[in-house]
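# A structural walkthrough
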Amino acid sequence: MAEATQYTFNFKEIAELLVKKQGLNEGIWGIVVKFGLGAAFTGPKGQDVLPTAMVPILEIGIRKQEEMTSLSVDAALVNPRKRPDSRANKKKKSFLK
């Protein structure tokens, strides 16, 4: 079987991963992208150049939002709070005595 060399994610998957990475359990969180702007003279041949804009992606993050969009996820659904297991807590307490 061939080894994977590339993985791609849609915006909701990226938002979900970032929500989990930050440990967020409530609210609607959506993708934000910070762009830069650069300029250069480039072209196919040395003397045949044109002014060219370059727009790099500087940062990708998440921001709390009021409404769901195609770029957002609900943290309560994708990363719900973990409930403490009462049986596990009782075992820990009896072990510590």
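Parameters at a glance
Residues numbered from 1 in each chain as written. Predicted model: local features only at pLDDT ≥ 70, side-chain atom pairs only at ≥ 80, totals over all residues. Heavy atoms only, no water. Helix = DSSP H or I, 4+ residues; strand = E, 2+ residues; numbered from the N terminus. Contact = heavy atoms within 4.5 Å. Pairing = 2+ DSSP bridges. Axes fitted to C-alpha atoms, helices over the stretch in contact; angles between N-to-C directions.

### Details of the side chain of Asn-79
Positionally, Asn-79 belongs in the loop between α2 (75–78) and α3 (86–96). Sequence-distant contacts of Asn-79, defined by excluding residues within four places in its chain, comprise Val-19, Lys-20, Gly-23, Leu-24 and Asn-25.

### Points about the sheet that holds strand β1 (residues 28–35)
Hydrogen bonds between backbone atoms are what pair the strands of a sheet, whose relative direction is either parallel or antiparallel. Strand order in the open sheet formed by three strands is β4-β1-β5, with antiparallel pairing between adjacent strands. Both edges of this open sheet fall to β4 (57–65) and β5 (72–74), since each of them pairs with a single strand only. The mean inter-strand angle of the sheet, taken between neighbouring strand axes irrespective of direction, is 25°. Pairing between β1 and β5: three bridges, direction antiparallel. Pairing of Gly-30 across the sheet is with Ser-72, part of β5. Most of the contacts of helix α1 (residues 11–22) go to β1, to which it runs at about 105°, and overall it touches β1, β4 and β5.

All quantities given are derived from atomic positions and should not be read as evidence of function.
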